[in-house]
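# Close look at the chain arrangement
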Amino acid sequence: MREKDFRFTLDETAGALGDFGTLLPIVVGVSVATDMDLSRMLFFFGLAYIGTGLYYKLPMPVEPMKAMGVVAIAERLSPGEIAGAGIVMGVVLLLIAVTGAMDLIKKNIPIPLIRGIQLGLALTLMRQALIMVGEDWILGLISIFIVLFYTLSKKLDISALVIIVLGVAVGVFRHGSPGISIMTLPSFQWPLWGETLVGITKATIPQIPLTLGNAVLATALLISDLLDRKVEEKKLLLSMSSMLLLAVPFGGFPMCHGAGGLAAQYRFGARTGGSNLISGAVLLLVAFFFATPKLELIIPFGALGALLFYSALSLYKTSRKTTENWFTIVTGVIAFVFGMTWAFLGMWGFHFVRTWIQKKRV
């Protein structure tokens, strides 16, 4: 493995932990609200991080699908319904990849719309971050101060690593050690047709535009912005469909990539695939021995909220690289107020009509 592709340094380690502020609250929340096994979910996230790190040789976030996560928690979907939603999503992404439909989708989706999705996601993450910091405001403010200190100083930015260590120490002091909980082996479980239908209508449909806009188009664009590397949208589709089809039938939660996660990894120091291998190793260790609902207490929301807040700021800065400010702002506001799906579909429809009128005039 070439050093430029895989480094295992303090900044890579800090970057590896930077996206946990997005991953852990959703996964732990799903575990508490549903009957899904936390250890199995973290196990497959760990494997996916390692696999994507080796495949891409650069930082590549592996996140829970946010729309599915929110629906699963709010409506307490069953494991079968979540599995049905994830499997169908994997098939949809695979079909888009192998048919070349993504090229057609990309040609008809303007960059200001993608930037708007990034802005909407930044605002959404910022709101969630403030809620999390507010639940533990003393630790949250200390964590924000740590990030500011590293941001304004010339020191190596390992603020994510410092915050995670501080958060764990505070969590153990408050609630004690989580204890050892050995993971049970994954088992194959195929959802029933009725469960799949519920999963499609409640979770898959709202997830599709968010995945295409943020996990595919916005992520590919952000890789080019931050890392000066080109990753084809087809590769992102194939890796996500692989994660879904290989993990979800065995108890994994639906996973995707994401611009917010990449912004977090980069913001805290990740530059190579080594950060993904570190993330995967940490998650596998937790999955094998420490994956209990008490894990939510061991890493307090105040610390996770500070990481999420500065990830949101980083994503906001990227969204400003737009060629049409008003279009991006309107898209971002709609995404923040009404959701990514409505913003994506509504503003894409507006762009389509506007383009059609312009062609008619010519």
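The coordinates are above.
So, here's what we can say about the structure. (Residues numbered from 1 in each chain as written. Predicted model: local features only at pLDDT ≥ 70, side-chain atom pairs only at ≥ 80, totals over all residues. Heavy atoms only, no water.)

### So, the overall build of the chain
For the chain, the helix and strand inventory stands at 17 helices and 2 strands. What you see for the chain is a C-alpha radius of gyration of 20 Å, in line with the 21 Å of a compact globule of 362 residues. C-alpha atoms of the chain, sized along the principal axes, occupy 70 × 55 × 45 Å. Counting contacts in the chain only where the partners sit at least 6 residues apart, residues at least 24 apart contribute 87% of the total. Total accessible area on the chain is roughly 15600 Å²; 69% of this is exposed by carbon and sulfur atoms. Taking the average place of the 29 positive charges on the side chains of the chain and the average place of its 21 negative ones, the gap between the two points comes to 8 Å. (Helix = DSSP H or I, 4+ residues; strand = E, 2+ residues; numbered from the N terminus. Rg over C-alpha atoms; globule rule 2.2 N^0.38 Å. Contact = heavy atoms within 4.5 Å. Areas by Shrake-Rupley, 256 points an atom, 1.4 Å probe, with all protein chains shown as cover. Lys, Arg positive; Asp, Glu negative; His and termini not counted. Charge placed at Lys NZ, Arg CZ, Asp CG, Glu CD.)

### Thoughts on the packing of helix 7 (residues 111-135) against helix 8 (residues 137-152)
Closest axis-to-axis distance for the helix 7/helix 8 pair is 5 Å, and the angle between their directions is 125°. On the basis of their axis angle, the class for helix 7 and helix 8 is oblique. Mapping the contact onto sequence places Val-133, Gly-134 and Glu-135 in helix 7 and Trp-137, Gly-140, Leu-141 and Ile-144 in helix 8. The residue inventory of the contact of helix 7 with helix 8, partitioned by class, reads 4 nonpolar, 2 polar and 1 charged. (Axes fitted to C-alpha atoms, helices over the stretch in contact; angles between N-to-C directions. Parallel < 35°, antiparallel > 145°, perpendicular 65-115°, else oblique. Nonpolar A, V, L, I, M, F, W, Y, C, P; charged D, E, K, R; others polar.)

### Comments concerning the nonpolar core
Judged by nonpolar contacts, the single largest core of 110 residues is most densely connected at Leu-42 and Phe-253. With 13 residues, the top contributor of residues to this core is helix 10 (residues 193-227). (Core = buried A, V, L, I, M, F, W, Y, C linked by side-chain atoms within 4.5 Å. Buried < 20%, exposed > 50% of the residue type's maximum accessible area, 1.4 Å probe, protein only.)

### Focus: the side chain of Asp-5
Here Asp-5 lies in the segment before helix 1 (10-18). Looking at Asp-5, the relative accessible area reads 4%, which means it is buried. Apart from the residues within four sequence positions on either side, Asp-5 is in contact with Lys-57, Thr-272, Gly-273 and Gly-274.

### Considerations on the pattern of salt bridges
As enumerated under the stated definition, the model contains 7 salt bridges in all. We note a salt bridge from Glu-324 to Arg-354, for which the minimum N-O separation is 2.8 Å. Note that Glu-324 is positioned in the loop between helix 15 (301-319) and helix 16 (325-338) and Arg-354 in helix 17 (residues 340-361), a separation of 30 residues in sequence. (Salt bridge = Lys/Arg side-chain N within 4 Å of Asp/Glu carboxyl O.)

### Describing the side chain of Thr-331
By the secondary structure assignment, Thr-331 is in helix 16. The class for Thr-331 is buried, based on a relative accessible area of 0%. Those residues within four positions of Thr-331 in sequence are excluded, and the remaining contacts are Leu-113, Gly-116, Ile-117, Ala-343 and Met-347.

### Quick notes on the packing of aromatic side chains
Across all of its chains, the model carries 11 aromatic pairs by this definition. Between Phe-43 and Phe-44 the ring centres are 5.1 Å apart and the planes differ by 70°, which places this aromatic pair in the edge-to-face class. Each member of the pair, Phe-43 as well as Phe-44, carries the same accessibility label: buried. Relative to Phe-352, the ring of Trp-348 lies with its centre 5.7 Å away and its plane at 25°, an arrangement referred to as stacked. (Phe/Tyr/Trp six-rings, centres within 6.5 Å; stacked < 30°, edge-to-face > 60°.)

### So, helix 1
Residues that lie three or four places apart on an α-helix share one face, since the helix turns once every 3.6 residues. With 7 of its 9 residues buried, helix 1 lies for the most part within the structure. Restricting attention to buried positions, one finds in helix 1 the residues Asp-11, Glu-12, Ala-14, Gly-15, Ala-16, Leu-17 and Gly-18. Residues of helix 1 that are buried sit in contact with helix 2 (20-33), helix 9 (159-175), helix 12 (259-267), helix 13 (274-289) and helix 15.

### Things to note about the layout of surface pockets
Vacant regions in the atomic arrangement are exposed by a probe of water-molecule size rolled over the atoms. Here the largest pocket is characterised by a volume of approximately 810 Å³. As for the largest pocket, its lining consists of 30 residues, and the residues nearest its centre are Ile-26, Lys-66, Ala-67, Val-70 and Thr-124. No other element matches the 7 residues that helix 7 contributes to the lining of the largest pocket. (1 Å grid on protein atoms, 1.4 Å probe; cavity = no way out; pocket = protein on both sides within 12 Å on 5 of 7 lines; lining within 4 Å. Points joined across faces, edges and corners; volume = space filled by probe spheres on them.)

### So, a nonpolar patch on the surface
Together, Val-91, Leu-94, Leu-95, Val-98 and Leu-245 make up an exposed nonpolar region whose accessible area comes to about 380 Å². Broken down by element, the residue count for the nonpolar patch peaks at 4 residues, all from helix 5 (residues 79-99). For Leu-95, a relative accessible area of 48% translates into the label partly exposed. (Patch = residues over 30% accessible without salt bridge, like charges linked within 9 Å, V, L, I, M, F, W, Y side chains within 5 Å.)

Honestly, it's all geometry; don't read function into it.
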